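Now for the letters of each chain:
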Amino acid sequence: MSRLLVRRPSPRLAEGELTHLERVPVDPALAQRQWEAYVDVYRSLGWDVIDIEPDDAHADGVFVEDTVVMFGDLALLTRPGADSRRGEIDTTRAALEKAGIGFAAIEAPGTLDGGDVLKVGRTVYVGQTLRTNPEGIRQMDALLAPRGWTVVPVEVTKVLHLKSGVTALPDGTVIGYPPLVDDPSIYPQFLAVPEEHGTAVVVLDEDTVLMSSDAPQSAQLFRDRGLTVIETPISEFEKLEGCVTCLSVRVRD
Ligand code: GLY
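Rules and cut-offs
Residues numbered from 1 in each chain as written. Predicted model: local features only at pLDDT ≥ 70, side-chain atom pairs only at ≥ 80, totals over all residues. Heavy atoms only, no water. Helix = DSSP H or I, 4+ residues; strand = E, 2+ residues; numbered from the N terminus. Polar contact = N/O pair within 3.5 Å; in protein donor to acceptor, adjacent residues only side chain to side chain. Contact = heavy atoms within 4.5 Å. Core = buried A, V, L, I, M, F, W, Y, C linked by side-chain atoms within 4.5 Å. Buried < 20%, exposed > 50% of the residue type's maximum accessible area, 1.4 Å probe, protein only. Pairing = 2+ DSSP bridges. Axes fitted to C-alpha atoms, helices over the stretch in contact; angles between N-to-C directions. Near = heavy atom within 4 Å. Areas by Shrake-Rupley, 256 points an atom, 1.4 Å probe, with all protein chains shown as cover. 1 Å grid on protein atoms, 1.4 Å probe; cavity = no way out; pocket = protein on both sides within 12 Å on 5 of 7 lines; lining within 4 Å. Sits in = over half its atoms within 2 Å of the grid points. Nonpolar A, V, L, I, M, F, W, Y, C, P; charged D, E, K, R; others polar.

> Is there a simple way to think about the side chain of Arg131 in this case?
Position of Arg131 relative to the elements: it lies in the loop between β7 (123-128) and α3 (134-144). A polar atom in the side chain of Arg131 sits 3.1 Å from the side chain of Asp113. In contact with Arg131, not counting residues within four places along its chain, are Glu17, Thr19, Gly81, Ala82, Arg85, Thr111, Leu112, Asp113, Asp116, Leu160 and His161.

Below, the structure written as structure tokens:
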């Protein structure tokens, strides 16, 4: 069974943190509809959806992946790097406990945002960003190395999170939009995509990815490689430096 952790958007979504983008108007009603359509993609594929308790005081709370990352059956509860987001973990922790998902936690003074974590096989690339500090990475490495994961720190200066710039296809090829990637040469296989919003995919299975509908040329590139591509509109979240990956946490039992 595959489970999906999500949290509905806050009515205050438009007040979310911005680091590299200019603030533009966000339509809360459209955001809600886009979020429901995003969740429905998983539902239609048989995923069990777990709703984390709404937390409307936290404008960025919809980006649940920043609060928890799965490593096999272990969840790592993060300690978000933005002060405005730190309180999001309380409801995420409660959801993990209720769902019976075992977890470890990043402790102060470490900080870690899940958007900085890209798993490719047993390699864990982790962005060194304004949100994720060296102590957070050290704690993550201490937890993961004994479990057979190799943690590779990656300098990130051009985007908010590592996964704002790169994600990976099912075969492990890292994809990115070159103007937003600091150093593509660190990845054993790198594929440049032609659009900013073509960098983020969620791997649904070995043949299928989910991505933004705002990157048609990138979607075609992936189809040409034999993948099935599901596109979904997430414009209101992209305005807040979000993408398809950070809107959910995938628990693959
Ligand atoms: N707006 C998403 C973030 O800055 O964390």
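> Which parts of the structure should I look at to understand the nonpolar core?
Across soluble globular proteins, you tend to see nonpolar side chains buried next to one another. Counting residues in hydrophobic clusters, the biggest one holds 25 residues, and the most contacted among them are Leu13, Tyr42, Phe63, Leu210 and Phe237. Of all the elements in the fold, those that place two or more residues in this core are β1 (2-6), α1 (28-44) and β12 (201-205). Counting residues per element, this core draws most heavily on α1, at six residues. In this structure, Leu210 is in contact with Tyr38, Val41, Tyr42, Ala200, Val201, Val202, Leu204, Ile230, Thr232 and Val244, ignoring residues within four places of it in sequence.

> Just checking my understanding: could you explain the sheet that holds strand β14 (residues 228-232) for this structure?
Pairing between the strands of a sheet is mediated by backbone hydrogen bonds and can be parallel or antiparallel. If you walk across this open sheet you meet the three strands as β12-β13-β14, and the pairing is mixed. Edge positions in the sheet fall to β12 and β14, since each has one partner strand and no second. For this sheet, the mean angle separating the axes of adjacent strands, direction not counted, is 25°. Taken strand by strand, α1 contacts β12, β13 (208-212) and β14, and its axis lies near 150° from that of β14. Its contacts with the sheet put helix α5 (residues 216-224) on β12, β13 and β14, and the angle it makes with β14 is roughly 160°.

> Explanation requested: the site of the ligand in the structure shown.
Residues in contact with the ligand, as listed here, are Glu17, Asp60, Phe63, Arg85, Arg131, Leu160 and Leu240. One of the backbone nitrogen or oxygen atoms of Glu17 is found 2.8 Å away from a nitrogen atom of the ligand. Contact distances for the ligand include 2.8 Å between a nitrogen atom and a side-chain N or O atom of Asp60. Burial of the ligand by the protein chains amounts to 99% of its free accessible area of 190 Å². A majority-of-atoms criterion places the ligand in the largest cavity. Split into classes, the residues belonging to the shell around the ligand amount to three nonpolar, no polar and four charged.

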